[in-house]
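Each chain, written out:
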Amino acid sequence: MFRKHILRRLSAYHDGVLSADEKLRVEHHLGQCRHCRSAYDEIRFGARLASALTVSSAPASIWSDIHRVSRVSSRRRWIPQTIVAGALAAAVLVLYLLTRPHLASPSWEVTGFAGTSRLRAGEVLQTDSSSEAQIKIANIGQLTIDRNTRIRLLVSRADQHRIALDRGKVEATTWAPPRLFIVETPSATAVDLGCKYTLEVQPDGSSLLHVTLGLVALERDNRETVVPAGAFCRTRSGIGPGTPFFEDSPAELQSALDRVDSLPEGSERSRALSVVLRESHVRDALSLWHLLPRLDAQSRGLIYDRLVQLLPPPADVTRDGIVRLDPKMLESWKRIVSQLWQ
Ligand SMILES: [Zn+2]
(Lines give C-alpha, C1' and ligand atoms only; values in the text may rest on other atoms or scores of the structure.)
Protein backbone atom coordinates (compact mmCIF):
# COMPACT_ATOMS: atom_id res chain seq x y z
CA MET A 1 0.00 0.00 0.00
CA PHE A 2 1.16 3.56 -0.63
CA ARG A 3 2.06 5.28 2.62
CA LYS A 4 0.08 8.36 1.72
CA HIS A 5 -3.27 8.79 0.05
CA ILE A 6 -3.26 8.30 -3.70
CA LEU A 7 -5.70 10.99 -4.78
CA ARG A 8 -3.38 12.35 -7.48
CA ARG A 9 -2.99 8.94 -9.11
CA LEU A 10 -6.70 8.13 -9.28
CA SER A 11 -7.45 9.84 -12.59
CA ALA A 12 -4.52 8.13 -14.29
CA TYR A 13 -5.68 4.87 -12.74
CA HIS A 14 -9.19 5.40 -14.04
CA ASP A 15 -7.84 6.15 -17.53
CA GLY A 16 -5.75 2.98 -17.44
CA VAL A 17 -2.43 4.73 -18.03
CA LEU A 18 -0.53 3.58 -14.93
CA SER A 19 2.22 0.97 -15.11
CA ALA A 20 1.24 -2.52 -13.96
CA ASP A 21 3.23 -1.97 -10.80
CA GLU A 22 1.53 1.31 -9.90
CA LYS A 23 -1.87 -0.04 -10.88
CA LEU A 24 -1.57 -2.89 -8.44
CA ARG A 25 -0.43 -0.61 -5.66
CA VAL A 26 -3.34 1.76 -6.32
CA GLU A 27 -5.70 -1.21 -6.17
CA HIS A 28 -4.20 -2.37 -2.90
CA HIS A 29 -4.52 1.08 -1.44
CA LEU A 30 -8.11 1.40 -2.63
CA GLY A 31 -8.81 -1.90 -0.97
CA GLN A 32 -7.70 -0.58 2.37
CA CYS A 33 -8.56 3.12 2.35
CA ARG A 34 -12.15 4.30 2.45
CA HIS A 35 -11.09 7.89 1.85
CA CYS A 36 -9.44 7.17 -1.50
CA ARG A 37 -12.15 4.67 -2.42
CA SER A 38 -14.85 7.30 -2.13
CA ALA A 39 -12.70 9.79 -4.06
CA TYR A 40 -12.32 7.16 -6.79
CA ASP A 41 -16.07 6.56 -6.83
CA GLU A 42 -16.52 10.28 -7.50
CA ILE A 43 -14.06 10.18 -10.39
CA ARG A 44 -15.89 7.21 -11.88
CA PHE A 45 -19.20 8.96 -11.40
CA GLY A 46 -17.83 12.13 -13.00
CA ALA A 47 -16.54 10.15 -15.98
CA ARG A 48 -19.89 8.43 -16.43
CA LEU A 49 -21.62 11.77 -16.20
CA ALA A 50 -19.28 13.32 -18.76
CA SER A 51 -19.86 10.50 -21.23
CA ALA A 52 -23.62 10.73 -20.65
CA LEU A 53 -23.54 14.49 -21.23
CA THR A 54 -21.72 14.22 -24.53
CA VAL A 55 -24.32 11.89 -25.94
CA SER A 56 -27.32 13.91 -24.74
CA SER A 57 -27.82 16.98 -26.89
CA ALA A 58 -28.86 20.13 -25.05
CA PRO A 59 -31.38 22.44 -26.74
CA ALA A 60 -29.63 24.77 -29.22
CA SER A 61 -31.05 27.80 -27.41
CA ILE A 62 -28.94 27.00 -24.33
CA TRP A 63 -25.73 27.28 -26.33
CA SER A 64 -26.73 30.49 -28.12
CA ASP A 65 -27.63 31.96 -24.73
CA ILE A 66 -24.27 30.95 -23.34
CA HIS A 67 -22.53 32.35 -26.40
CA ARG A 68 -24.38 35.63 -26.05
CA VAL A 69 -23.68 35.98 -22.36
CA SER A 70 -20.03 35.12 -22.85
CA ARG A 71 -19.67 38.31 -24.83
CA VAL A 72 -20.50 40.50 -21.87
CA SER A 73 -17.75 42.54 -20.27
CA SER A 74 -15.03 40.89 -18.22
CA ARG A 75 -16.54 42.63 -15.21
CA ARG A 76 -19.42 40.16 -15.39
CA ARG A 77 -17.54 37.05 -16.45
CA TRP A 78 -19.08 35.04 -13.64
CA ILE A 79 -22.39 34.94 -15.47
CA PRO A 80 -21.54 32.46 -18.22
CA GLN A 81 -19.97 30.13 -15.67
CA THR A 82 -23.11 30.24 -13.61
CA ILE A 83 -25.27 29.62 -16.65
CA VAL A 84 -23.08 26.76 -17.87
CA ALA A 85 -23.20 25.22 -14.42
CA GLY A 86 -26.95 25.72 -14.35
CA ALA A 87 -27.37 24.16 -17.78
CA LEU A 88 -25.21 21.21 -16.75
CA ALA A 89 -27.17 20.76 -13.54
CA ALA A 90 -30.42 20.85 -15.52
CA ALA A 91 -29.03 18.30 -17.97
CA VAL A 92 -27.99 16.06 -15.08
CA LEU A 93 -31.44 16.34 -13.55
CA VAL A 94 -33.10 15.48 -16.86
CA LEU A 95 -30.76 12.52 -17.31
CA TYR A 96 -31.51 11.34 -13.81
CA LEU A 97 -35.25 11.61 -14.30
CA LEU A 98 -35.02 9.85 -17.65
CA THR A 99 -32.92 6.98 -16.37
CA ARG A 100 -34.48 6.52 -12.93
CA PRO A 101 -37.48 4.41 -13.94
CA HIS A 102 -35.11 2.20 -15.93
CA LEU A 103 -32.73 1.83 -12.99
CA ALA A 104 -35.58 1.07 -10.62
CA SER A 105 -36.33 -2.23 -12.35
CA PRO A 106 -33.09 -3.50 -13.86
CA SER A 107 -32.96 -7.05 -15.11
CA TRP A 108 -30.23 -9.33 -16.39
CA GLU A 109 -30.59 -11.49 -19.47
CA VAL A 110 -30.57 -15.22 -18.78
CA THR A 111 -29.86 -17.79 -21.51
CA GLY A 112 -29.66 -21.57 -21.61
CA PHE A 113 -32.06 -21.96 -18.71
CA ALA A 114 -35.65 -23.17 -19.05
CA GLY A 115 -36.89 -21.43 -15.88
CA THR A 116 -36.61 -17.79 -16.91
CA SER A 117 -35.07 -15.40 -19.44
CA ARG A 118 -34.67 -12.35 -17.15
CA LEU A 119 -33.45 -11.96 -13.58
CA ARG A 120 -34.50 -8.91 -11.56
CA ALA A 121 -33.25 -7.50 -8.26
CA GLY A 122 -34.79 -9.50 -5.43
CA GLU A 123 -35.24 -12.62 -7.56
CA VAL A 124 -33.69 -16.05 -7.13
CA LEU A 125 -32.23 -18.29 -9.83
CA GLN A 126 -31.73 -21.91 -8.93
CA THR A 127 -30.37 -24.66 -11.16
CA ASP A 128 -30.83 -28.38 -10.52
CA SER A 129 -28.65 -31.38 -11.24
CA SER A 130 -29.41 -31.19 -14.96
CA SER A 131 -29.52 -27.44 -15.67
CA GLU A 132 -27.03 -24.59 -16.04
CA ALA A 133 -27.48 -20.93 -16.98
CA GLN A 134 -25.63 -18.04 -18.60
CA ILE A 135 -26.36 -14.58 -17.28
CA LYS A 136 -25.30 -11.17 -18.54
CA ILE A 137 -24.18 -9.02 -15.60
CA ALA A 138 -25.91 -5.87 -16.90
CA ASN A 139 -23.36 -4.54 -19.43
CA ILE A 140 -20.23 -5.33 -17.44
CA GLY A 141 -19.74 -9.06 -17.65
CA GLN A 142 -20.91 -12.61 -17.89
CA LEU A 143 -21.83 -15.19 -15.28
CA THR A 144 -21.99 -18.95 -15.79
CA ILE A 145 -24.18 -20.70 -13.25
CA ASP A 146 -23.17 -24.32 -12.63
CA ARG A 147 -25.55 -27.14 -11.76
CA ASN A 148 -27.15 -27.27 -8.29
CA THR A 149 -26.48 -23.59 -7.73
CA ARG A 150 -28.62 -20.92 -6.13
CA ILE A 151 -28.01 -17.19 -6.62
CA ARG A 152 -30.02 -14.09 -5.71
CA LEU A 153 -29.71 -10.80 -7.58
CA LEU A 154 -29.46 -8.21 -4.80
CA VAL A 155 -28.51 -4.95 -6.53
CA SER A 156 -28.09 -3.89 -10.14
CA ARG A 157 -27.18 -0.23 -10.45
CA ALA A 158 -24.75 1.66 -12.64
CA ASP A 159 -22.33 1.88 -9.69
CA GLN A 160 -22.83 -1.58 -8.21
CA HIS A 161 -23.93 -5.06 -9.25
CA ARG A 162 -24.29 -7.45 -6.35
CA ILE A 163 -25.44 -11.05 -6.06
CA ALA A 164 -25.60 -13.57 -3.25
CA LEU A 165 -24.23 -17.05 -3.97
CA ASP A 166 -26.01 -19.28 -1.46
CA ARG A 167 -24.63 -22.57 -2.73
CA GLY A 168 -23.08 -24.09 -5.83
CA LYS A 169 -20.60 -22.64 -8.28
CA VAL A 170 -20.38 -19.65 -10.60
CA GLU A 171 -17.79 -18.47 -13.07
CA ALA A 172 -17.58 -14.70 -13.51
CA THR A 173 -15.92 -12.74 -16.29
CA THR A 174 -16.03 -8.96 -16.12
CA TRP A 175 -14.74 -6.05 -18.17
CA ALA A 176 -15.69 -3.27 -15.76
CA PRO A 177 -13.62 -1.03 -13.49
CA PRO A 178 -12.74 -2.60 -10.12
CA ARG A 179 -15.33 -3.04 -7.38
CA LEU A 180 -18.42 -2.89 -9.57
CA PHE A 181 -19.32 -6.58 -9.32
CA ILE A 182 -19.71 -8.15 -5.88
CA VAL A 183 -20.64 -11.68 -4.79
CA GLU A 184 -21.76 -12.29 -1.22
CA THR A 185 -21.18 -15.80 0.10
CA PRO A 186 -22.04 -17.10 3.57
CA SER A 187 -18.41 -16.75 4.69
CA ALA A 188 -16.97 -13.77 2.76
CA THR A 189 -17.67 -11.21 0.07
CA ALA A 190 -15.84 -11.44 -3.26
CA VAL A 191 -15.12 -8.05 -4.83
CA ASP A 192 -14.15 -8.08 -8.47
CA LEU A 193 -11.03 -6.06 -9.25
CA GLY A 194 -11.30 -6.68 -12.99
CA CYS A 195 -10.94 -10.35 -13.82
CA LYS A 196 -12.14 -13.86 -14.34
CA TYR A 197 -12.72 -16.35 -11.56
CA THR A 198 -14.76 -19.25 -10.22
CA LEU A 199 -16.36 -19.26 -6.80
CA GLU A 200 -17.90 -22.32 -5.20
CA VAL A 201 -19.94 -22.45 -2.00
CA GLN A 202 -20.13 -25.75 -0.07
CA PRO A 203 -23.16 -26.89 1.93
CA ASP A 204 -21.38 -25.91 5.18
CA GLY A 205 -21.08 -22.28 4.00
CA SER A 206 -17.35 -22.43 3.28
CA SER A 207 -16.19 -21.47 -0.20
CA LEU A 208 -13.32 -21.81 -2.64
CA LEU A 209 -12.22 -18.99 -4.93
CA HIS A 210 -10.02 -19.64 -7.96
CA VAL A 211 -8.83 -16.58 -9.88
CA THR A 212 -7.79 -17.19 -13.48
CA LEU A 213 -7.29 -13.60 -14.66
CA GLY A 214 -6.71 -10.33 -12.79
CA LEU A 215 -7.43 -9.96 -9.08
CA VAL A 216 -10.29 -10.59 -6.67
CA ALA A 217 -10.59 -9.18 -3.15
CA LEU A 218 -12.21 -11.31 -0.46
CA GLU A 219 -13.64 -9.22 2.34
CA ARG A 220 -15.04 -9.89 5.75
CA ASP A 221 -15.24 -7.61 8.80
CA ASN A 222 -13.27 -4.87 7.04
CA ARG A 223 -10.36 -7.23 6.40
CA GLU A 224 -9.38 -7.76 2.79
CA THR A 225 -7.40 -10.54 1.14
CA VAL A 226 -6.38 -9.90 -2.46
CA VAL A 227 -6.18 -13.09 -4.51
CA PRO A 228 -4.21 -12.91 -7.79
CA ALA A 229 -4.55 -14.88 -11.02
CA GLY A 230 -3.38 -18.44 -10.66
CA ALA A 231 -4.22 -18.59 -6.97
CA PHE A 232 -6.89 -20.19 -4.80
CA CYS A 233 -8.32 -18.99 -1.53
CA ARG A 234 -10.68 -20.80 0.85
CA THR A 235 -13.09 -19.03 3.14
CA ARG A 236 -14.70 -20.57 6.22
CA SER A 237 -17.98 -19.87 7.96
CA GLY A 238 -17.47 -17.57 10.92
CA ILE A 239 -13.78 -17.11 10.09
CA GLY A 240 -13.63 -15.59 6.62
CA PRO A 241 -10.85 -15.71 4.02
CA GLY A 242 -7.96 -18.08 4.61
CA THR A 243 -4.46 -17.76 3.18
CA PRO A 244 -4.24 -17.61 -0.62
CA PHE A 245 -1.95 -20.07 -2.42
CA PHE A 246 -0.86 -20.59 -6.00
CA GLU A 247 -2.38 -23.53 -7.88
CA ASP A 248 1.08 -24.93 -8.68
CA SER A 249 2.27 -24.94 -5.06
CA PRO A 250 3.22 -28.35 -3.58
CA ALA A 251 0.28 -30.45 -2.36
CA GLU A 252 1.98 -30.89 1.00
CA LEU A 253 2.19 -27.14 1.40
CA GLN A 254 -1.47 -26.71 0.50
CA SER A 255 -2.71 -29.20 3.06
CA ALA A 256 -0.39 -27.83 5.77
CA LEU A 257 -1.63 -24.33 4.99
CA ASP A 258 -5.18 -25.54 5.42
CA ARG A 259 -4.27 -26.80 8.91
CA VAL A 260 -2.53 -23.53 9.81
CA ASP A 261 -5.69 -21.64 8.77
CA SER A 262 -8.08 -23.84 10.72
CA LEU A 263 -6.17 -24.75 13.90
CA PRO A 264 -5.98 -22.57 17.02
CA GLU A 265 -2.58 -21.38 18.25
CA GLY A 266 -0.64 -24.32 19.66
CA SER A 267 1.87 -27.04 18.97
CA GLU A 268 -0.20 -28.69 16.22
CA ARG A 269 -0.42 -25.42 14.30
CA SER A 270 3.30 -24.83 14.81
CA ARG A 271 4.05 -28.22 13.25
CA ALA A 272 1.83 -27.39 10.27
CA LEU A 273 3.59 -24.03 9.90
CA SER A 274 7.00 -25.71 9.85
CA VAL A 275 5.79 -27.88 6.92
CA VAL A 276 4.56 -24.75 5.12
CA LEU A 277 7.94 -23.07 5.60
CA ARG A 278 9.91 -26.15 4.55
CA GLU A 279 7.84 -26.66 1.38
CA SER A 280 7.77 -23.00 0.32
CA HIS A 281 9.33 -21.91 -2.95
CA VAL A 282 9.65 -18.33 -4.17
CA ARG A 283 6.09 -18.03 -5.47
CA ASP A 284 4.75 -19.31 -2.14
CA ALA A 285 5.86 -16.01 -0.63
CA LEU A 286 2.28 -15.06 -1.58
CA SER A 287 1.06 -17.40 1.15
CA LEU A 288 3.78 -16.56 3.68
CA TRP A 289 3.13 -12.86 3.24
CA HIS A 290 -0.57 -13.26 3.95
CA LEU A 291 0.13 -15.43 6.99
CA LEU A 292 2.33 -12.79 8.65
CA PRO A 293 -0.37 -10.56 10.21
CA ARG A 294 -2.56 -13.53 11.14
CA LEU A 295 -0.22 -15.50 13.36
CA ASP A 296 1.49 -14.94 16.71
CA ALA A 297 4.81 -13.11 17.11
CA GLN A 298 6.91 -16.28 17.35
CA SER A 299 5.41 -17.63 14.12
CA ARG A 300 5.99 -14.25 12.44
CA GLY A 301 9.67 -14.53 13.32
CA LEU A 302 9.86 -17.97 11.68
CA ILE A 303 8.04 -16.70 8.58
CA TYR A 304 10.49 -13.78 8.39
CA ASP A 305 13.41 -16.20 8.49
CA ARG A 306 12.05 -18.14 5.49
CA LEU A 307 10.87 -15.10 3.51
CA VAL A 308 14.34 -13.55 3.82
CA GLN A 309 15.73 -16.58 1.96
CA LEU A 310 13.05 -16.48 -0.73
CA LEU A 311 12.75 -12.74 -1.38
CA PRO A 312 15.28 -10.67 0.59
CA PRO A 313 13.83 -7.38 1.89
CA PRO A 314 15.30 -3.88 1.45
CA ALA A 315 18.02 -2.86 3.93
CA ASP A 316 15.63 -0.86 6.12
CA VAL A 317 13.57 -3.95 7.03
CA THR A 318 14.49 -5.78 10.23
CA ARG A 319 13.29 -9.01 11.84
CA ASP A 320 12.10 -7.11 14.92
CA GLY A 321 10.15 -4.69 12.75
CA ILE A 322 8.36 -7.44 10.86
CA VAL A 323 7.59 -9.37 14.05
CA ARG A 324 5.88 -6.27 15.47
CA LEU A 325 4.21 -5.62 12.07
CA ASP A 326 5.80 -2.20 11.57
CA PRO A 327 3.66 -0.65 8.79
CA LYS A 328 6.57 1.13 7.05
CA MET A 329 8.72 -2.00 6.93
CA LEU A 330 5.81 -4.13 5.73
CA GLU A 331 5.12 -1.61 2.97
CA SER A 332 8.77 -1.47 2.00
CA TRP A 333 9.10 -5.26 1.73
CA LYS A 334 5.74 -5.65 0.08
CA ARG A 335 6.98 -3.70 -2.93
CA ILE A 336 9.28 -6.64 -3.59
CA VAL A 337 7.00 -9.49 -2.52
CA SER A 338 3.98 -8.18 -4.43
CA GLN A 339 5.89 -8.47 -7.73
CA LEU A 340 4.77 -12.08 -7.50
CA TRP A 341 1.16 -11.27 -8.09
CA GLN A 342 1.41 -8.68 -10.81
ZN1 LIG B 1 -5.96 6.71 0.89
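Notes on the structure in this doc start here. (Residues numbered from 1 in each chain as written. Predicted model: local features only at pLDDT ≥ 70, side-chain atom pairs only at ≥ 80, totals over all residues. Heavy atoms only, no water.)

**A few points about the packing of aromatic side chains**
The relative placement of two aromatic rings is captured by the distance of their centres and the angle of their planes. Rules: Stacked, tilted and edge-to-face are the three classes assigned to paired rings of Phe, Tyr and Trp, where Trp is represented by its six-membered ring and a pair needs centres within 6.5 Å; plane angles under 30 degrees give stacked, over 60 edge-to-face, the rest tilted. Runs of E in the DSSP output that reach at least two residues are strands. Runs of H or I that reach at least four are helices, and both are numbered from the N terminus. Each residue's exposure class comes from its accessible area (1.4 Å probe, protein chains only) as a fraction of the maximum for that residue type: buried when under 20%, exposed when over 50%, partly exposed otherwise.
Under the criterion given, the structure shown has four aromatic pairs. A centroid spacing of 5.2 Å and a plane angle of 55° characterise the contact between Y13 and Y40, whose relative ring orientation is tilted. You can see Y13 sitting in helix α1 (residues 10-15) and its partner Y40 sitting in helix α3 (residues 34-55), a full 27 residues away along the chain. For the residue pair Y13 and Y40, the accessibility class agrees, reading buried in each case.

**A few points about the side chain of S107**
Inclusion rule: Should any heavy atoms of two residues lie within 4.5 Å, those residues are counted as being in contact.
By the secondary structure assignment, S107 is in strand β1 (residues 107-111). Among residues more than four places away in sequence, those in contact with S107 are R118, L119 and R120.

**What to know about helix α2 (residues 20-32)**
Along an α-helix, residues three or four positions apart point the same way, because every turn accommodates 3.6 residues. Formally: In this scheme, a helix's expected span is set at 1.5 Å multiplied by one less than its residue total.
Over its 13 residues, α2 runs 19 Å from end to end, which matches the ideal 18 Å to within 8%, given 1.5 Å per residue. Restricting attention to buried positions, one finds in α2 the residues L24, R25, V26, E27, H28, H29, L30 and G31.

**What about the pairing of β1?**
Inclusion rule: Here, any two strands with at least 2 DSSP bridges between them count as paired.
Bridge count for β1 against strand β2 (residues 118-120) is three bridges, and the pairing is antiparallel. Looking at β2, one finds that S107 is bridged to R120. Counting the residues that bridge the hairpin from β1 to β2 gives six residues, and of these G112 lies at a positive phi of roughly 75°. Bridge count between β1 and strand β4 (residues 133-137): two bridges; the pairing is antiparallel. By the bridge assignment for β4, V110 is matched with I135.

**Remarks on the packing of helix α6 (residues 251-262) against helix α7 (residues 267-279)**
So the rule is basically this: Lines fitted to C-alpha atoms define the axes here, with helix axes fitted over just the stretch in contact, and angles between the N-to-C directions of these axes take values from 0 to 180 degrees. Here the word oblique covers every angle except those under 35 degrees (roughly parallel), over 145 (roughly antiparallel) and from 65 to 115 (roughly perpendicular). The handedness criterion is simple: a crossing whose near helix is rotated anticlockwise from the far helix by less than a right angle is left-handed, and one whose near helix is rotated clockwise is right-handed. Classes in brief: Ala, Val, Leu, Ile, Met, Phe, Trp, Tyr, Cys and Pro nonpolar; Asp, Glu, Lys and Arg charged; the others, Gly included, polar.
In the contact formed by α6 and α7, the axes pass within 8 Å of each other and the chain directions differ by 150°. With respect to α7, the axis of α6 lies roughly antiparallel. Taken as a pair, α6 and α7 cross one another with a handedness that is left-handed. Contact with α6, carried on its side by E252, L253, A256, L257, R259 and V260, involves R269, A272, L273, V275, V276, R278 and E279 of α7 and no other residues of that element. Along the lines of polarity and charge, the residues of the contact of α6 with α7 split into eight nonpolar, no polar and five charged.

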